[in-house]
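One-letter residues, chain by chain:
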Amino acid sequence: PREIAFQLDDCRPAAIFYEAALRPTLEEALALASHRPALGFAMDRAGDPLGEACAEASPLEEAVAVQADTPAILMYTSGTTGHPKGALLPHRKALYNALNAVEAFGIRPGDRVLVVAPLFHSLGLQILAIPLLYSGGLLVLHRRFDPEAVWKAVARERINYFGGVPAMHQRLYERLAASPPASLPDLRFVFSAGSAISTELIRNFASAGILVLQGYGQTETSTLTSLTLEDAPTRAGSVGRPVLHAELRVIRTETVARPPMEWEDAREHETGEIVVRGPITMVGYWERPEATAETLTEGWLRTGDLAQQDAEGFLTLVGRAREMLISGGENVYPAEIEAVYREHPAIQEIAVIGVPDPQWGEVPRAHILLEPNRDLDSQELEIWGRERLAAF
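Anyway, here's the lowdown on the structure attached to this text. (Residues numbered from 1 in each chain as written. Predicted model: local features only at pLDDT ≥ 70, side-chain atom pairs only at ≥ 80, totals over all residues. Heavy atoms only, no water.)

Points about the nonpolar core
Across soluble globular proteins, nonpolar side chains show a tendency to be buried alongside one another.
Move 1: The biggest cluster of nonpolar side chains holds 44 residues, and the ones touching the most others in it are Phe105, Leu114, Trp151, Val154, Phe162 and Phe205.
Move 2: Sort the elements by how many residues they give to this core and helix α7 (residues 166-178) lands first, with 5 residues.
Move 3: Once you skip the residues sitting within four places of it in the chain, tryptophan 151 turns out to touch Phe162, Leu172, Arg175, Leu176, Leu184, Leu187, Phe205 and Ile210.
Move 4: Of all hydrophobic cores here, the second largest spans 21 residues; its members include Val239, Val250, Leu296 and Ala307. (Core = buried A, V, L, I, M, F, W, Y, C linked by side-chain atoms within 4.5 Å. Buried < 20%, exposed > 50% of the residue type's maximum accessible area, 1.4 Å probe, protein only. Helix = DSSP H or I, 4+ residues; strand = E, 2+ residues; numbered from the N terminus. Contact = heavy atoms within 4.5 Å.)

Written out as structure tokens, the structure reads:
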């Protein structure tokens, strides 16, 4: 609720659509927020509340055509300051990201795609759902991720591909190994993004006859690189080559703070920061001019991610230039966690770092200095965080 309240106050929406089961969460968020949307619709009740509202509304006097840079979606992404930033994603980005996906995935009209990644996440909405709808395919949506339900749906619905983050794929493989389906003749590949997937897991899927494509992108850009069906068998561990509709460079880290004309490209297999320009980039952060200026410069977008590129253009992710960890495919910024815990009256100082985890890739670990003569146990600290932070 606290995080939803922040977004309500930040973007000040006129209407909000929600699942009826989440009404208590919404009411708690509204109680915390200063801004209250004028309209609210529970979207999973009988009938179509959006359609009903449109039928009752007066027609617009004039339909205004959108422009390439007109914002289409405001999608929030975590920030190093501890507050999420709203990335303004324009219509051109939606179109060219769809074209990139068609090229990279080999999408065909009539393809059937399963989406189990959440639609508030760039993977679920921007990479899987919108390109498939653009191509004239069929979407199968699951309310939540369940490995057994995924494999049953892949077989029953004749799914051609689906995507997830590595933590999901690990559970999917464990289920597959424990109870393999009779056959999956329609499944061409599974897509992995959000964080690096282990080469061992890729090989495990290959041994089961399933091809894994790895890709890389951000909320601010959607897909930046991807393996193809031809490259995937021999390029395990790489996130592929740059997509068709984008110009991508790997810049030597000691030069990336300079103006773009002074940037130096990293040598083969030298670590540098990924920068990109082209029609797939955001137009900026919502009401964050300073953050926008730090990220967008002369048409280039600084990703803050570090990678190495080989002679054939394939990228391998190395790490992140900005302080961040990825847990189960979700961006987790230590500053956001630290800000919440600093409000606790018994905590004097806190520092959060990422540590390796076999299930989630990374998890945050907090190092805490208590105020003098104060005592806390881990259970009390966990309750404090669960009441104020998203589960991941």
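Side note on the environment of alanine 129
Move 1: Among the structural elements, alanine 129 can be located in helix α5 (residues 122-134).
Move 2: Residue contacts for alanine 129: discarding those within four places in its chain leaves Leu119, Gly124 and Leu139.

Considerations on the pairing of strand β2 (residues 39-42)
Move 1: Bridge count between strand β1 (residues 15-18) and β2: 4 bridges; the pairing is parallel. Its bridge partner being in β2, isoleucine 16 is matched across the sheet by glycine 40.
Move 2: The β-α-β motif built from β1, the intervening helix α2 (residues 23-32) and the parallel element β2 has right-handed crossover chirality. (Pairing = 2+ DSSP bridges. Right-handed = clockwise from strand over helix to strand, strands pointing away.)

A word on the side chain of threonine 281
Move 1: Here threonine 281 is to be found in the loop between β13 (272-277) and β14 (284-285).
Move 2: On the basis of relative accessible area, threonine 281 is assigned to the buried category, the value being 5%.
Move 3: Side-chain polar atoms of threonine 281 contact the backbone oxygen of glycine 278, separated by 3.2 Å.
Move 4: With residues up to four places along the chain from it excluded, the contact list for threonine 281 reads Pro90, Arg92, Lys93, Glu220, Thr221, Val276 and Leu301. (Polar contact = N/O pair within 3.5 Å; in protein donor to acceptor, adjacent residues only side chain to side chain.)

Some words on the environment of alanine 53
Move 1: Within the secondary structure, alanine 53 is located in helix α3 (residues 49-56).
Move 2: Residue alanine 53 is classed as partly exposed on the basis of its relative accessible area of 24%.
Move 3: Sequence-wise, alanine 53 and leucine 389 are 336 residues apart; in three dimensions their C-alpha atoms are separated by 33 Å.

Quick look at the packing of aromatic side chains
Move 1: Tallied over the full model, the rule gives 8 aromatic pairs.
Move 2: Judged by centre distance (5.5 Å) and plane angle (50 degrees), the rings of phenylalanine 105 and phenylalanine 189 are tilted. Placement of phenylalanine 105 in helix α4 (residues 91-105) and of phenylalanine 189 in strand β8 (residues 189-192) is noted, with a sequence separation of 84 residues between them. The pair formed by phenylalanine 105 and phenylalanine 189 is uniform in burial state, with each residue classed as buried.
Move 3: Pairwise contacts between aromatic rings join Phe105, Tyr161, Phe189 and Phe191 into one cluster.
Move 4: Residue placement shows arginine 235 over the ring face of phenylalanine 314; its charged tip is 3.8 Å from the ring centre.
Move 5: Its end group placed over the ring of tryptophan 300, arginine 249 keeps NZ or CZ at 5.5 Å from the ring centre. (Phe/Tyr/Trp six-rings, centres within 6.5 Å; stacked < 30°, edge-to-face > 60°. Lys NZ or Arg CZ within 6 Å of the ring centre and 35° of its normal.)

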